[in-house]
Amino acid sequence: MIYIQLFIEFFLTGLFSVGGGMATIPFLEDISARTGWFTPAQLADMVAVSESTPGPIGVNMATYVGYLTAGIPGSIIATLGLVLPSAIVILIVAAFLKAFRNSKYVDRVFYGIRPASTALIAAAGVSVLMLCIVDIPAFKLSGRIFDLVDPKAIILFAVIWVFTNLVKKTKKFHPLVFIAFSAVAGLVFKF
């Protein structure tokens, strides 16, 4: 039964998460809340690992959740569930592309999908930011406002933002440099 549930959850995620891998994050948050298969902290770890490993982030995260939930068969089923809708849609679009290539209705549909994709990606970005910087459990335990945010995470965020946006020499560095720097900072400062 868990295999069917994994397949359905990730099939629906793959079907409706238009805009790439980051657009799957709101769906994964929903899956976490409804099923309890993984915690928000594990989701943050999944994002970090998925961003750091080769391959599409959505596929990596589906594989990870499937493995956490039901081992290797679960990882295979969740991954197939996530990629199958895209494969089906691509095959359908390819079959009809020539007939609709110049259709103003198709152009309008794709134009309408853009804001939805942008909103899903923005929501994912805000979710990841909240998972990484805000520590609601620590705040609930202590009741102190200073425990609501993780100062080390804010400092690391600010440093990376400055080096990727303001410092001309480092703006052109490959993203892997910043990922490696963040990994070292996490080890050194015990994030």
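Please read these numbers as outputs of a predicted model, since none were measured by experiment.

Student: Sorry, what's going on with the overall build of the chain here?
Tutor: Summing up its helical and strand segments, the chain has nine helices and zero strands in all. Each helix (α) and strand (β) of the chain, taken in turn from the N terminus, gives the series α-α-α-α-α-α-α-α-α. For the chain, the spread of C-alpha atoms along the principal axes amounts to about 60 × 50 × 30 Å. When burial is assessed residue by residue, the chain has 25% of its 191 residues classed as buried. In the structure as shown, the chain presents an accessible area of about 12,500 Å², 74% of it carried by carbon and sulfur atoms. Positive and negative side-chain charges of the chain, numbering 14 and 9 respectively, have mean locations separated by a distance of 14 Å.

Student: Explain the pattern of salt bridges here, please?
Tutor: All told, the structure shown has three salt bridges when counted by the stated rule. Across the salt bridge formed by glutamate 9 and arginine 34, the nearest N and O atoms sit 2.6 Å from each other. Here glutamate 9, found in helix α1 (residues 2-16), pairs with arginine 34, found in helix α2 (residues 25-35); they are 25 residues apart in sequence, far enough to count as distant. Using a relative accessible area of 11% as the deciding quantity, one classes glutamate 9 as buried. Assessed through its relative accessible area of 48%, arginine 34 is described here as partly exposed. Between arginine 144 and aspartate 147 there is a salt bridge whose closest N-O contact spans 2.8 Å.

Student: Explain helix α3 (residues 40-52) to me, please; I cannot follow it from the model alone.
Tutor: Helix length check: α3 (13 residues) gives 18 Å between terminal C-alpha atoms against 18 Å at 1.5 Å per residue, within 8%. Buried residues of α3: Leu43, Ala44, Met46, Val47 and Ser50, and no others. Burial along α3 is one-sided: seen end-on, the buried residues are contained in an arc of 155°. Tucked inside the fold, the buried residues of α3 contact α2, α4 (57-100) and α5 (104-133).

Student: Could you clarify how one ought to interpret the nonpolar core in this entry?
Tutor: Proteins that are soluble and globular tend to have nonpolar side chains buried together. Counting 19 residues, the largest nonpolar core has Phe10, Ile25, Leu28, Phe38, Leu43, Met61 and Val65 as the members making the most contacts within it. Elements supplying a minimum of two residues to this core: α1, α2, α3, α4 and α5. With seven residues, α4 is the single largest residue contributor to this core. Not counting residues up to four positions away in its chain, the partners in contact with isoleucine 25 are Leu43, Val47, Met61, Ala124, Ser127 and Val128.

Cut-offs and rules
- Residues numbered from 1 in each chain as written.
- Predicted model: local features only at pLDDT ≥ 70, side-chain atom pairs only at ≥ 80, totals over all residues.
- Heavy atoms only, no water.
- Helix = DSSP H or I, 4+ residues; strand = E, 2+ residues; numbered from the N terminus.
- Buried < 20%, exposed > 50% of the residue type's maximum accessible area, 1.4 Å probe, protein only.
- Areas by Shrake-Rupley, 256 points an atom, 1.4 Å probe, with all protein chains shown as cover.
- Lys, Arg positive; Asp, Glu negative; His and termini not counted.
- Charge placed at Lys NZ, Arg CZ, Asp CG, Glu CD.
- Salt bridge = Lys/Arg side-chain N within 4 Å of Asp/Glu carboxyl O.
- Expected span 1.5 Å × (residues − 1).
- Arc of directions from axis to C-beta.
- Contact = heavy atoms within 4.5 Å.
- Core = buried A, V, L, I, M, F, W, Y, C linked by side-chain atoms within 4.5 Å.

Fair warning: the whole summary comes from geometry, so function is off the table for now.
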